[in-house]
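Now for the letters of each chain:
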Amino acid sequence: MSPSQQSFYKSITSYPAFLWYMLGNLPSVVFWGSRLQKLNLEECHTIVPFNYRSKNPFRSIYFSALSGTAELASGILCMLHLSGNTTISMLVTGFKADFIKKANQAVTMKCPAGKKISDTIQKLKYSGDVGTVTVPVTGYHPDGEIIATFEITWSFKKR
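Residues numbered from 1 in each chain as written. Predicted model: local features only at pLDDT ≥ 70, side-chain atom pairs only at ≥ 80, totals over all residues. Heavy atoms only, no water.

*Asks:* Sorry, what's going on with the environment of Ser-34 here?
*Replies:* With respect to the helices, strands and loops of the structure, Ser-34 is situated in the loop between α3 (27–32) and β1 (35–39). Not counting chain neighbours up to four residues away, the residues in contact with Ser-34 comprise Phe-18, Val-29, Ile-47, Val-48, Pro-49 and Thr-69. A distance of 2.8 Å separates a polar atom in the side chain of Ser-34 from a polar atom in the side chain of Thr-69. (Helix = DSSP H or I, 4+ residues; strand = E, 2+ residues; numbered from the N terminus. Contact = heavy atoms within 4.5 Å. Polar contact = N/O pair within 3.5 Å; in protein donor to acceptor, adjacent residues only side chain to side chain.)

*Asks:* It is not clear to me how the pairing of β1 should be interpreted in this structure. Could you clarify?
*Replies:* On any regular strand, side chains alternate: one points to one face of the sheet, the next to the other face. As judged from the four bridges shared by β1 and strand β2 (residues 44–48), these two strands associate in the antiparallel manner. Across the sheet, residue Arg-35 finds its bridge partner in β2, namely Ile-47. With antiparallel pairing between neighbouring strands as the criterion, β1 and β2 make up a hairpin whose turn holds four residues. (Pairing = 2+ DSSP bridges.)

*Asks:* It is not clear to me how the sheet that holds strand β6 (residues 146–158) should be interpreted in this structure. Could you clarify?
*Replies:* Pairing between the strands of a sheet is mediated by backbone hydrogen bonds and can be parallel or antiparallel. If you trace the six strands from one edge of the open sheet to the other, you get β1-β2-β4-β5-β6-β3, paired in antiparallel fashion. What marks the edges here is a single partner per strand, and that holds for β1 and β3 (88–99). Going from strand to strand, the sheet's axes swing by 25 degrees on average, the running direction of each strand aside. Across 11 bridges, strand β5 (residues 130–140) lies against β6 in antiparallel orientation. By the bridge assignment for β6, Val-130 is matched with Lys-157. The sheet strands contacting helix α4 (residues 63–82) are β1, β2, β3, β4 (107–111), β5 and β6, and the helix crosses β6 at an angle near 40 degrees. Along the sheet, helix α5 (residues 114–122) makes contact with β3, β5 and β6, crossing β5 at roughly 170 degrees. (Axes fitted to C-alpha atoms, helices over the stretch in contact; angles between N-to-C directions.)

*Asks:* Which parts of the structure should I look at to understand α5?
*Replies:* Given 3.6 residues per helical turn, the α-helix brings residues three or four places apart onto the same face. All buried positions along α5 are accounted for by Gly-114, Ile-117, Thr-120 and Ile-121. The buried residues of α5 occupy an angular sector of 135 degrees when the element is viewed end-on, so they sit on one face. Across α5 from its buried face, at more than 90 degrees, point the exposed residues Lys-115 and Gln-122. Where α5 is buried, its residues meet α4, β3, β5 and β6. (Buried < 20%, exposed > 50% of the residue type's maximum accessible area, 1.4 Å probe, protein only. Arc of directions from axis to C-beta.)

*Asks:* What's the story with the packing of aromatic side chains in this structure? I'm lost.
*Replies:* What characterises a pair of aromatic rings is the spacing of the ring centres plus the angle enclosed by the ring planes. Tallied over the entire structure, the rule returns four aromatic pairs. Plain terms: the ring middles of Phe-63 and Phe-99 are 6.4 Å apart, the flat faces sit at 75 degrees to each other, and that makes the pair edge-to-face. Pair noted here: Phe-63 is in helix α4 and Phe-99 is in strand β3, with a separation of 36 residues, a long-range link. Among the residues examined, Phe-99 registers a relative accessible area of 41% and is labelled partly exposed. A ring pair is formed by Phe-95 and Phe-150, whose centres lie 5.9 Å apart and whose planes are at 50 degrees; its orientation type is tilted. Of this pair, Phe-95 sits in strand β3 while Phe-150 sits in strand β6, and the two are 55 residues apart along the sequence. What makes Phe-150 buried here is its relative accessible area of 2%. What links up through ring pairs into an aromatic cluster is the set Phe-63, Phe-95, Phe-99 and Phe-150. (Phe/Tyr/Trp six-rings, centres within 6.5 Å; stacked < 30°, edge-to-face > 60°.)

Dropping the structure here:
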C-alpha cells in the first residue's frame, strides 16, 4: 500500500473515524448498524446486522440495507484505490441485484474486485478520460449460504 492508502486504511478502519465519516456522508449506514469487517487492496467485507433498525415487517433485512451495505463494500474498495489521487472522481452508474434467499441473520457483503478497480483507475491518463468497472458483491449468511448477489458499476473520471 502507498502512504496515502495506508493513511486512508487507518482512518476508515478506526471505528470512531468510520462512524464520523459515515454520519457525515452516509448516515443510513450508521442507522442500520453496518460496519466494515475487512479491507485490503484485493477485497472489502462489510456486514449489516439483523436488528430492529434493518429489519422489515416480514422479519428479514430491508433490501435497501442490503443494497446500501453492498455498495459500501465496493465503494470503500474504490476509495482505497483512489486515496491520495484527488484528480479522479467516482460515481455509481449502474446497479443490479438478485435476492436469492431471505436475509434473517446478519449478512456479510464481500467485494473481491480490488484488481479490477485498480486496473481501471490505472488506465486513466489524461484529463477527461473516463473508465467504468462493474464489480461483483456477494452477500452471505454466517453459515456461508449466499443471500444476494450485486453488480455495481462505478464510473471514474480524470479531471
